[in-house]
Amino acid sequence: MEGWRFIAQRAIGETILDWEVPFALSSNPKRELSGAGAMTGTITPEYARMIGSDGLPILQEWGTKLYAEVDGHIRWGGIVTKTSFDGPKFTVACEGFSSYPHGIPYEDYVISGKKITPKDPNAGKDKNHDGYFDGVRPKRKVPPPPKSYGGPRIDVYDAFRLIWRHVQGKPDGNIGLVIDSHDLGKLLGSSDGEDPWELAWWDNPDCGQTLDTLTTQTPFDWLETHAWADGTSNTITHRIRLGTPRLGRKRADLRFVDGENIGAIAKPEGMGEDYANEAIVLGKGEGKKMARAQVWVARDGRLRRVVTVTAKATSSRTALYTRGWKELAGRTAALQIPAIQIWDHPNARFGSWSLGDDIRVQVHVPWVGDVDVWHRIIGDEISADGLCTLTLKRSDSFHY
């Protein structure tokens, strides 16, 4: 594992505990687009019992951050979440920093697009309900009451940051993640106040699940990254990059070709019974009053196939249509290559791509023939044997 090392750091305070943890990978460090990623490995029991300068075990569940550094660059960072003994082996499982909010309740209250009904200044002035002011001569009609309207609304990214501030603002909850400061340009809740977005402590919402829901319902990309602060510092920075709404770009400058830099491909996938070219989305309400949206793609010569999805917390037609399009985006794509294994090559040097990039994949598939399709990189795993696995999804299956 030349050029590799694993660095242990205390979760609170970020004191470096060990620069060379003898960590043998069981699964390669995996990064995920809009996901936490994971890494597992084993070490010797003797090392597992080592104590840091603070008197605590070096590898401690929820007490240690572990990083994979490759050729001087932090390729992956996470938190030790589970340890176990299996005979002579001490197994260590790590998850990315962004897994931390899962299981943590939101203990505050926020609402976006609250329905506001102004006080009627003429209330009680027409007690006989004839439509006119009582005891006024000449008779004057009572004007209609003021209409309700939607209150202040917050941007989706403001809500994302708000939840992270809540998590990291608690005692011993700051894991050092800095969230990008720009806005998405999409507001939560409806402008008329009929469909507010609400996060209330009495509903016992899970912070991690709420973040996931924000990501999938809007939708948008985010990416967890770790890096040295500078060339002379021992400080590691942690960031969540937010897309606008997507991350990555089309990479015509990179080449991924079977036999050149692609050594293996995962079994190609079709949609099969999951194929659908029309979606019905059922929203808030019951019976005839239920909110509903129906979307379909351009007719493609195939039989009509319908998928029905529910979004019972939503009454906004725009949000329901967005949910339908997102569902169809993942169900109408043709053949895709779920993963490729590549080696470091002038076609595409390791580290030259970013998660979210679109790449052109050219491979030969038995019974299909030559496949030349643009795919998006949604994950990567670099291994110590000089290979890297890219997890892919067809570019045309995304809808933003």
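In what follows, the structure referred to is the one given above.
Everything numeric here is computed off the predicted structure, so don't read it as measured data. (Residues numbered from 1 in each chain as written. Predicted model: local features only at pLDDT ≥ 70, side-chain atom pairs only at ≥ 80, totals over all residues. Heavy atoms only, no water.)

### Digging into the overall build of the protein
Counting its regular elements, the protein contains four helices and 23 strands. Taking the principal axes of its C-alpha atoms as reference, the protein extends roughly 95 × 65 × 40 Å. Of all 400 residues assigned to the protein, the portion counted as buried reaches 43%. Accessible area of the protein: about 20,900 Å², with a carbon and sulfur share of 51%. Within the protein, one finds 50 positive and 52 negative side-chain charges whose respective centroids are separated by 11 Å. (Helix = DSSP H or I, 4+ residues; strand = E, 2+ residues; numbered from the N terminus. Buried < 20%, exposed > 50% of the residue type's maximum accessible area, 1.4 Å probe, protein only. Areas by Shrake-Rupley, 256 points an atom, 1.4 Å probe, with all protein chains shown as cover. Lys, Arg positive; Asp, Glu negative; His and termini not counted. Charge placed at Lys NZ, Arg CZ, Asp CG, Glu CD.)

### Examining the sheet that holds strand 11 (residues 177–179)
The sheet built from three strands is open, its strands ordered 11-14-13 with mixed pairing. Of all strands in the sheet, those bounded by a partner on one side alone are strand 11 and strand 13 (222–228). The average angle at which neighbouring strand axes cross in this sheet is 25°, direction not considered. As defined by bridge partners, strand 13 adjoins strand 14 (residues 236–242) across seven bridges and the pair is classed as antiparallel. Opposite Ala 227, over in strand 14, you have Thr 237 as the bridge partner. (Pairing = 2+ DSSP bridges. Axes fitted to C-alpha atoms, helices over the stretch in contact; angles between N-to-C directions.)

### Topic: a nonpolar patch on the surface
A grouping of Tyr 109, Trp 201 and Trp 202 is seen on the molecular surface, where their side chains present a nonpolar patch of about 370 Å² in accessible area. Here Trp 201 shows up in the loop between strand 12 (197–200) and helix 3 (207–217). (Patch = residues over 30% accessible without salt bridge, like charges linked within 9 Å, V, L, I, M, F, W, Y side chains within 5 Å. Salt bridge = Lys/Arg side-chain N within 4 Å of Asp/Glu carboxyl O.)

### Some points on the nonpolar core
Ranked by size, the top nonpolar core spans 43 residues in total, and within it Leu 59, Leu 66, Phe 256, Ile 340 and Leu 390 carry the most contacts. Beyond its immediate stretch of four places on either side in the chain, Leu 390 contacts Phe 256, Pro 338, Ala 339, Ile 340, Ile 342, Trp 353, Ile 359, Ile 377, Gly 379 and Asp 380. Ile 79, Val 110, Tyr 157 and Cys 207 belong to the second-largest nonpolar core, a separate cluster that totals 33 residues. (Core = buried A, V, L, I, M, F, W, Y, C linked by side-chain atoms within 4.5 Å. Contact = heavy atoms within 4.5 Å.)

### Side note on the packing of aromatic side chains
The geometry of an aromatic ring pair comes down to the distance between the two centres and the angle between the two planes. Under the criterion given, the structure shown has 12 aromatic pairs. With 6.4 Å between their ring centres and 50° between their planes, Trp 62 and Tyr 100 make a pair best called tilted. With Trp 62 in the loop between helix 1 (45–48) and strand 5 (64–70) and Tyr 100 in the loop between strand 7 (89–96) and strand 8 (109–112), the pair connects residues that are 38 residues apart, well separated along the chain. What makes Trp 62 partly exposed here is its relative accessible area of 47%. For the ring pair Tyr 67 and Phe 97, a centre distance of 6.4 Å and an interplane angle of 50° mean the geometry is tilted. Of this pair, Tyr 67 sits in strand 5 while Phe 97 sits in the loop between strand 7 and strand 8, and the two are 30 residues apart along the sequence. A relative accessible area of 0% means that Tyr 67 is categorised as buried. Given a relative accessible area of 0%, Phe 97 falls into the buried group. (Phe/Tyr/Trp six-rings, centres within 6.5 Å; stacked < 30°, edge-to-face > 60°.)

### Overview of the side chain of Asn 347
Looking at the element boundaries, Asn 347 is found in the loop between strand 20 (339–343) and strand 21 (358–365). Using a relative accessible area of 15% as the deciding quantity, one classes Asn 347 as buried. Ignoring anything within four residues of it in the chain, the contact list for Asn 347 reads Asp 253, Leu 254, Arg 255, Glu 260 and Asn 261.

### Some details on the sheet that holds strand 19 (residues 306–310)
Spatially, the three strands line up as an open sheet ordered 18-17-19, and their pairing is mixed. Single-partner strands in this sheet number two, and they are strand 18 (292–296) and strand 19. Going from strand to strand, the sheet's axes swing by 15° on average, the running direction of each strand aside. Pairing of strand 17 (residues 278–282) with strand 18, which is carried by five bridges, proceeds in the antiparallel orientation. Each residue of the ladder has a partner; that of Leu 282, found in strand 18, is Arg 292.

### Describing the pattern of salt bridges
Evaluated as defined, the whole model comprises 18 salt bridges. One salt bridge connects Asp 180 with Arg 239, and the closest N-O pair in it is separated by 2.8 Å. Taken together, the positions of Asp 180 in the loop between strand 11 and strand 12 and Arg 239 in strand 14 put the pair 59 residues apart, joining distant regions of the chain. Residue classification places Asp 180 among the buried residues on the basis of a relative accessible area of 13%. Through salt bridges with shared partners, one network takes in Arg 31, Arg 75 and Asp 380.

### A short note on unusual backbone geometry
Cis geometry is found at the peptide bond from Arg 137 to Pro 138, where omega equals -5°. Secondary-structure assignment places Pro 138 in the loop between strand 9 (115–116) and strand 10 (149–150). At the junction of Thr 244 and Pro 245, the peptide bond is cis and its omega measures out at 0° in the coordinates. Tracing the backbone through its elements, the reader meets Pro 245 in the loop between strand 14 and strand 15 (256–257). Even without glycine at this site, Trp 62 takes up a positive phi of about 60°. One non-glycine residue, His 129, lies in positive phi territory at about 55°. Residue position: His 129 is located in the loop between strand 9 and strand 10.

### Some details on the environment of Thr 117
Relative to the helices and strands, Thr 117 resides in the loop between strand 9 and strand 10. Spatially, the C-alpha atoms of Thr 117 and Lys 141 are 22 Å apart, while their sequence positions differ by 24 residues. One polar contact links Thr 117 to Ser 148, side chain to side chain, over a distance of 2.8 Å. (Polar contact = N/O pair within 3.5 Å; in protein donor to acceptor, adjacent residues only side chain to side chain.)

Keep in mind that these numbers describe shape and distance, not what the molecule does.
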